[in-house]
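Residues per chain, in single letters:
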Amino acid sequence: MKKNTLGSLIWLRIARFTHQSNLLSNDFLKQFDITVAKFDVLNQVSIYQPITQSQLAEKATLSEGGISRMLTRLEKEGYIQRKKDWKIKWIVLTPQGERKIEEVFDHQLAFQTAILDECLTEEEQKTLYMLMNKLQKHTENKLEN
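None of these values were measured; they are calculated from a predicted model.

Notes on unusual backbone geometry
Moving on, step 1. Cis rather than trans, the peptide bond between Gln-49 and Pro-50 has omega equal to -5°.
Moving on, step 2. Unusually for a residue other than glycine, Asp-33 sits at a positive phi of about 55°.
Moving on, step 3. Structurally, Asp-33 can be placed in the loop between α1 (6-29) and α2 (36-48).
Moving on, step 4. Looking at Asp-33, the relative accessible area reads 63%, which means it is exposed.
Moving on, step 5. With a phi angle near 60°, Trp-86 is a residue other than glycine that sits in the positive phi range.
Moving on, step 6. Positionally, Trp-86 belongs in the loop between β2 (80-85) and β3 (88-93).

Side note on the packing of α2 against helix α4 (residues 64-76)
Geometrically, a packed helix pair is captured by the angle between its two axes and the distance between the axes.
Moving on, step 1. Relative to each other, α2 and α4 sit at 85°, their axes nearing to 11 Å. Considering the angle they form, α2 stands roughly perpendicular to α4. Where α2 abuts α4, its residues Ala-37, Lys-38, Val-41 and Leu-42 lie against Ile-67, Met-70, Leu-71, Arg-73 and Leu-74.
Moving on, step 2. Among the residues making up the contact of α2 with α4, the classes are represented as 7 nonpolar, no polar and 2 charged.

Observations concerning the confidence of the model for the chain
Moving on, step 1. The pLDDT averaged across the chain works out to 93; a share of 99% of its residues lies at or above 70.
Moving on, step 2. Here helix α3 (residues 53-59) is the element of the chain with the lowest mean pLDDT, 87, and helix α5 (residues 95-119) is the one with the highest, 96.

Thresholds applied
Residues numbered from 1 in each chain as written. Predicted model: local features only at pLDDT ≥ 70, side-chain atom pairs only at ≥ 80, totals over all residues. Heavy atoms only, no water. Helix = DSSP H or I, 4+ residues; strand = E, 2+ residues; numbered from the N terminus. Buried < 20%, exposed > 50% of the residue type's maximum accessible area, 1.4 Å probe, protein only. Axes fitted to C-alpha atoms, helices over the stretch in contact; angles between N-to-C directions. Parallel < 35°, antiparallel > 145°, perpendicular 65-115°, else oblique. Contact = heavy atoms within 4.5 Å. Nonpolar A, V, L, I, M, F, W, Y, C, P; charged D, E, K, R; others polar. pLDDT = per-residue confidence, 0-100.

In structure tokens:
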């Protein structure tokens with residue numbers, strides 16, 4: 001049997017939690033006829049619009065191809081509009097997209113909050129947030145270098 005390091009075990013737990021959380025969220029979001037991936041993209045667009053396709057891919061942690069396919073689906077569903085300005089494609093929400101994110105956002109926020117509230121105390125959540133923030137900043141710095 002191979003010995004894992006504490007760091008590798010933590011990484012596996014984070015990856016598994018993220019996967020399981022996405023499965024639970026996808027099941028929850030079915031009632032709104034939306035997936036976690038679509039929710040994430042619509043939410044990022046609502047925060048940063050107008051946003052370029054490459055900026056959106058980075059924020060939504062999707063590949064260029066993945067974001068292109070996702071935007072095609074969201075455009076067909078009437079949630080986003082792509083506006084071309086010379087060589088740059090800008091992404092904005094349509095009124096229908098604005099309504100969808102308004103309809104879903106508070107419900108998804110409450111759903112995800114409940115998962116943590118059911119398991120961790122407020123103090124534990126603060127500690128986890130601080131540690132995850134520290135890890136994220138570290139990886140962001142490594143990506144920038």
